[in-house]
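# Observations on chain architecture
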Amino acid sequence: MDGVRGTVDEGFEPVRDAFARNFEALGERGAAVAVYRDGRKVVDLWAGSRDADAVTEAGGAPWEHGTAQIVRSATKGVAAAVLLMLAERGELDLDAPVGHYWPEFKARGKDRALVRHVLAHRAGVPVLDRPLTPAEALDPDLAAAAVAAQAPVWEPGSDHGYHAQTYSWLTGELVRRVTGGRSLGEWLAAEVSAPLGLDLWIGLPDSEAGRVGRVGPLPEPSADGSGPRLRPKRAVSEAYANPESLTRRAFGAITPMPDENDPAYHAAVLPASNGIATAPSLARFYAALIGEVDGVRLWRRPETLALARTEASAGPDRTLVVSTRFGLGHMLHGPASPLLSPHSFGHPGRGGALAFADPESGLAFAYVTNGFRRSVTADPRAQSLIRALRSSTT
């Protein structure tokens, strides 16, 4: 693709080639990818249209270096890192019951749920018996009360299942309780984004609204077999098709799905789903988790990094209906979410985005896009970039 802009260091040219092929062969509309190595940026590329729907309109603004996009569940990796920072600072005990900080959460058999269960998707509350409306979901008090009143689907700690939407209020309320009422987004802005100079928000300020592109769905693969083809297992397809399944109910904890281009949604604090970032900032964030970046290191103890990388949940995921692996908040490398290597940790965003770090190689990666597909944990475009990155470093 002729329109790819940005820079790659020598040796990382395969990433640029794969990025261009995503537009030529995989239907990409607008995207960016960035890579840091040992605290230094080595890949910074962007191309296409800023808005997913611009290809159907005359003109349309191009993606620029400062273009930011919503990254959906890649936000969870950021939220988890915040809770681990609070634990490292002694403000949050990972082995304490959630109810120690949030007494209302003890209701209906959740008194044994620990903070670490929340991070590892073991808290047992991936669904809400009465889904929240989009307006209700943006009210942190109302949403937290709904989660606190929910009966667990399984005994907390005994199993795991992806908390697709409720992760927002589980992590967000814990942060509010231990920081004297600061939202997770406010804490992130002051303690992470400001020191590192990041364009990374959970709760977008009005002053930055003009930088955010519009997101939208990409067309499904054509009937003639051309284009990318996603072939989910039959059990997965059935789970998403059944409105009574745990899968549908977990993703439908907010019903109907919010308008992800609504400024009110961007301004809200939903740590499971509405983080907004540029690719360089998201990669820089992960780089600062595993090493120093311009004098800033977010996790200062090796033990904290070990918590992110050590398997806390593994096996059949009751929500996603595939085998998943989690550390304390981050997805780990595995068949459902292939990362760079078995040492990698990070988080995908449903339908596209992905960010992770690989401590052994010193690499931190981020890919953001405005075009979403039906993939949940392993989008073909992100995977093509990972393969190229792997070939660049071997």
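Everything below is about the structure shown above.
Residues numbered from 1 in each chain as written. Predicted model: local features only at pLDDT ≥ 70, side-chain atom pairs only at ≥ 80, totals over all residues. Heavy atoms only, no water.

## A look at unusual backbone geometry
Selection rule: To qualify as a helix, a DSSP run of H or I must reach at least 4 residues; to qualify as a strand, a run of E must reach at least 2; elements of each kind are numbered from the N terminus.
Residue Pro256 is bonded to the preceding Thr255 through a cis peptide linkage, with omega at -5°. Even without a glycine there, the phi angle at Arg108 is positive, about 60°. Structurally, Arg108 is set in the loop between helix H3 (98-101) and helix H4 (115-119). Even without being a glycine, Val321 presents a positive backbone phi close to 60°. Summarising the element assignment, Val321 is placed in the loop between strand S8 (313-316) and strand S9 (323-326).

## Some details on the pairing of strand S13 (residues 363-369)
Just so we agree on the cut-off: For every residue, the accessible area (1.4 Å probe, protein chains only) is compared with the maximum for its type, and the residue is labelled buried under 20%, exposed over 50%, or partly exposed between those bounds. Each pair of strands is called paired provided DSSP finds at least two bridges between the two strands.
With seven of seven residues buried, S13 is to be regarded as a mostly interior element. Side chains Leu363, Phe365, Tyr367 and Thr369 of S13 all project onto a buried face; the interleaved residues Ala364, Ala366 and Val368 project onto the opposite face, where all are buried too. The pairing of strand S2 (residues 30-37) with S13 spans seven bridges and is antiparallel. Note that in S13 the partner of Ala32 across the bridge is Val368. Bridge analysis of strand S12 (residues 354-358) against S13 gives five bridges, and the strand direction is antiparallel.

## A short note on the pairing of S8
Across a regular strand the side chains alternate sides, sitting on one face of the sheet and then on the other. Two elements, S8 and S9, share four bridges in a ladder whose sense is antiparallel. Counted as the bridge partner of Ala314 is Arg325 from S9. Hairpin connection of S8 to S9: six residues between the antiparallel strands, including Val321 at a positive phi of 60°.

## A look at the environment of His330
The criterion, for reference: Any pair of residues with heavy atoms lying within 4.5 Å of one another is described as a contacting pair. The definition of a polar contact used here is a pair of N or O atoms within 3.5 Å, where within protein one atom must be able to donate a hydrogen and the other to accept one, and adjacent residues in sequence count solely through side-chain atom pairs.
Among the structural elements, His330 can be located in the loop between S9 and strand S10 (331-332). Taking the C-alpha atoms as reference points, His330 and Leu119, 211 residues apart in sequence, are found 8.1 Å from one another. Discounting chain neighbours no more than four positions away, the residues touching His330 are Gly77, Ala80, Ala81, Tyr286, Trp299, Ala308, Arg325, Phe345 and Gly346. Within the local environment of His330, its side chain forms a polar contact with the backbone oxygen of Gly77, the two atoms lying 2.9 Å apart.

## A few points about the nonpolar core
For clarity, the threshold we go by: The criterion is simple. A nonpolar core is a set of buried Ala, Val, Leu, Ile, Met, Phe, Trp, Tyr and Cys residues joined through side-chain atoms within 4.5 Å.
The biggest cluster of nonpolar side chains holds 90 residues, and the ones touching the most others in it are Phe285 and Phe345. Broken down by element, the residue count for this core peaks at eleven residues, all from helix H2 (residues 74-88). Setting aside residues no more than four positions away along its own chain, Phe285 makes contact with Gly77, Val78, Ala81, Val192, Leu198, Leu200 and Leu298. Counting residues in hydrophobic clusters, the runner-up holds 26 residues, among them Phe12, Val35, Val43 and Phe365.

## Considerations on the packing of helix H1 (residues 13-25) against helix H14 (residues 380-392)
In plain terms, the rule: Convention adopted: a line fitted to C-alpha atoms gives each axis, helices being fitted over their contacting stretch, and angles between N-to-C directions are expressed from 0 to 180 degrees. Any angle that is under 35 degrees is reported as roughly parallel, and any over 145 degrees as roughly antiparallel; angles of 65 to 115 degrees are reported as roughly perpendicular and all others as oblique. Handedness of a helix crossing follows the sense of rotation of the near helix relative to the far helix, less than a right angle counterclockwise being left-handed and clockwise being right-handed.
At a minimum axis distance of 8 Å, the contact between H1 and H14 shows a crossing angle of 160°. Between H1 and H14, the angle falls in the class roughly antiparallel. Here the hand of the crossing between H1 and H14 comes out right-handed. Residue-level contacts link Pro14, Val15, Ala18, Phe19 and Asn22 of H1 to Arg381, Ser384, Leu385, Ala388, Leu389, Ser391 and Ser392 of H14.

## Some thoughts on the side chain of His121
Topologically, His121 is positioned in the loop between H4 and helix H5 (134-137). Here His163 takes part through its backbone nitrogen, which lies 2.9 Å from a polar atom of the side chain of His121. In this structure His121 touches Lys76, Trp154, Asp159, His160, Gly161, Tyr162, His163, Tyr167 and Phe326, once residues within four positions along its chain are discounted.

## Here we look at the sheet that holds strand S5 (residues 200-201)
In spatial order, the strands read S4-S7-S5; together these three strands make up an open sheet with antiparallel pairing. Each having just a single partner strand, strand S4 (69-70) and S5 make up the two edges of the open sheet. In this structure, S5 lies alongside strand S7 (residues 276-277), joined through two bridges in antiparallel fashion. Note that in S7 the partner of Leu200 across the bridge is Ala277.

## A short note on helix H7 (residues 167-178)
We count it as follows: Helix span, expected: 1.5 Å multiplied by one less than the number of residues in the helix.
Across its twelve residues, H7 extends 17 Å between first and last C-alpha, which sits within 8% of the 16 Å expected from 1.5 Å per residue. Burial within H7 is extensive, with eleven of its twelve residues counted as buried. Along H7, the positions that sit buried rather than exposed are Tyr167, Ser168, Trp169, Leu170, Thr171, Gly172, Glu173, Leu174, Val175, Arg176 and Val178. In this fold, the buried residues of H7 make contact with H2, H3, H4, H5, helix H6 (140-149) and helix H8 (184-196). Trailing H7 by a residue or two, Gly180 shows a phi angle of about 75°, which is positive.

Purely geometric stuff here, so don't read any function into it on its own.
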